[in-house]
Structures are given as C-alpha cells and as structure tokens.
Amino acid sequence: MQVEVIPSVNETTADDFINKTVIVIDVLRATSSIVTALEQNSIGVIPVKTVGQAKDICEKNDLLGGERFCKKISGFHLGNSPIELIHTDVQGKRIILTTTNGTRAIDKAQKAAHVLAGAMLNASACASAALNLKRDIVIVCAGTMDRFSLEDGICAGLIIDEMAAMEENLELSDFAKAMRYAYSQVKDRLQETILESENGRRLRKLGFEEDVFFCARVNMYSKVPILRNHILEPFEF
C-alpha cells in the first residue's frame, strides 16, 4: 500500500485523488473541530467553501460554523474552535462549516474514493480506518493560504507512524518519510512545538491558546469523519 503526503492543498490536482483514500489534515483547527463535533454527537458536518454556500444550505435546526483568518464569521452560531464545540449543545444537529483552508482542502478531495478527516486527536483511529479501506493513501496537509503548515506535517507523520505499527507493507513517498521523521523528533514535546509554529503563535495572539493545546492532544478521540454525500459523518468499521 502506497502512502503519499502532499505539503499543501495547491500542490496537487483533484484528479490525483481518483481511486485513493484521502486523509485531509488541518490541525489548527478545521479537522480538529470536525472530529470534536462528531465526538459531541453532532449528526454530521457539511464542509463548504464559501460563506454564501453555508447560508444557502442552512436549515432550521442546523448550526452555522466557520472562520475567516481565524476569526468567527459574523452572524454564525460557532467559530472554528473545538473548545467552543465542547461547550455547545450540538447533539443531533448538523453543522455547516466553512473555513479558510480546511474545508477547501476537503472540497478539492471529493474525487477520491474515500475522504477522511484526520487530526492528532484521532490519529490512531484515522490510521486504522484508512488501512481498512484498502486503497493507496494520500494525506493532504491543508496548510495556510496555500503554504505548508508545520503542525499539519507533524500530524501526517504521526498518522503514518500509527499506520506503520498496524501494517508492515507500506511504501512511503519521500515527503511521507520526511514527515514521519519530523514527528519522531518532536513527539515528546508536541504541544510546545505546535504552540511555536506560525499558526500556533497567531492563534495565541488572538486568544486561542487553549485551542492550540487541545488540538495537540494525541488519540483523545476514536471517531473518524468520512465524507458521504457531502456530509462528514462517523465512519463505522
């Protein structure tokens, strides 16, 4: 089974994902929020690219969630904070989510055979789910404004490390090997490393330091969001 890591969403085309399992990672914070929403018993998260799309498809009992440049969108129920989700009653509700980077990456991956949302929070479960689907795997780091983000690469390395513990016959691309090595160098100080990343520093300045620490937790959750009919819902395997 081949495993490839893409440094940022603009470095590939949608056709590259055909017949593959894609894991989209946006540690700070879209995929971390999506995983948390499902753990809080949301029935599903609908990722969309624009604010207009989110408003157009929002129904009576849905919640609008999203951010632009790390800040909650005016008039929305939620921002893009996993901590906020923990303190909000989302049980039995759909969340319509639009973010600067993560939901755009999910949208671009829709030609894949399967699309999963991965984070440090669900790394082991995500690795297991991807292997269970028995296709070559592409891990897409959402990045920030089309540039590589350190925390996404480290998370990719973590997920690969979890896969390697479950499956011996993995063929890693060079960048996949590099990200696994990068993770191995900082695995004992993940929170510190992510806090000092560009996005970590930016979120800290905006008052979201608690989110950064939370998103750096490893294997806290077991649910794996999978995209089905444009909705991210828990993968049963």
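Here the structure is shown first, and the text comes after it.
Now for a description of the structure that goes with this document. (Residues numbered from 1 in each chain as written. Predicted model: local features only at pLDDT ≥ 70, side-chain atom pairs only at ≥ 80, totals over all residues. Heavy atoms only, no water.)

**Overview of the packing of helix 5 (residues 123-132) against helix 6 (residues 150-166)**
- Two numbers describe how helix 5 lies on helix 6: the axes approach to 8 Å, and their chain directions differ by 60°. By the criterion of interaxial angle, the relationship of helix 5 to helix 6 is oblique. The handedness of the crossing between helix 5 and helix 6 comes out as right-handed. Across the interface between the two elements, A123, S124, C126, A127, S128, A130 and L131 of helix 5 pack against L158, I159, E162, M163 and M166 of helix 6.
- A per-class count over the contact of helix 5 with helix 6 returns nine nonpolar, two polar and one charged. (Axes fitted to C-alpha atoms, helices over the stretch in contact; angles between N-to-C directions. Helix = DSSP H or I, 4+ residues; strand = E, 2+ residues; numbered from the N terminus. Parallel < 35°, antiparallel > 145°, perpendicular 65-115°, else oblique. Left-handed = near helix turned anticlockwise from the far one by under 90°. Contact = heavy atoms within 4.5 Å. Nonpolar A, V, L, I, M, F, W, Y, C, P; charged D, E, K, R; others polar.)

**Some thoughts on the environment of A164**
- Note that A164 resides in helix 6.
- Considering only alpha carbons, one finds A164 and M220, 56 residues apart in sequence, at a separation of 19 Å.
- Excluding residues within four positions of it along the chain, A164 makes contact with L170 and R180.

**Here we look at helix 9 (residues 198-205)**
- Restricting attention to buried positions, one finds in helix 9 the residues N199, G200 and L203. Considered in projection along helix 9, the buried side chains sweep an arc of 100° and stay on one side of the axis.
- Tucked into the core, helix 9 has its buried residues touching helix 6, helix 8 (190-195) and helix 10 (209-215).
- At the C-terminal side of helix 9, G207 shows a positive phi close to 95°. (Buried < 20%, exposed > 50% of the residue type's maximum accessible area, 1.4 Å probe, protein only. Arc of directions from axis to C-beta.)

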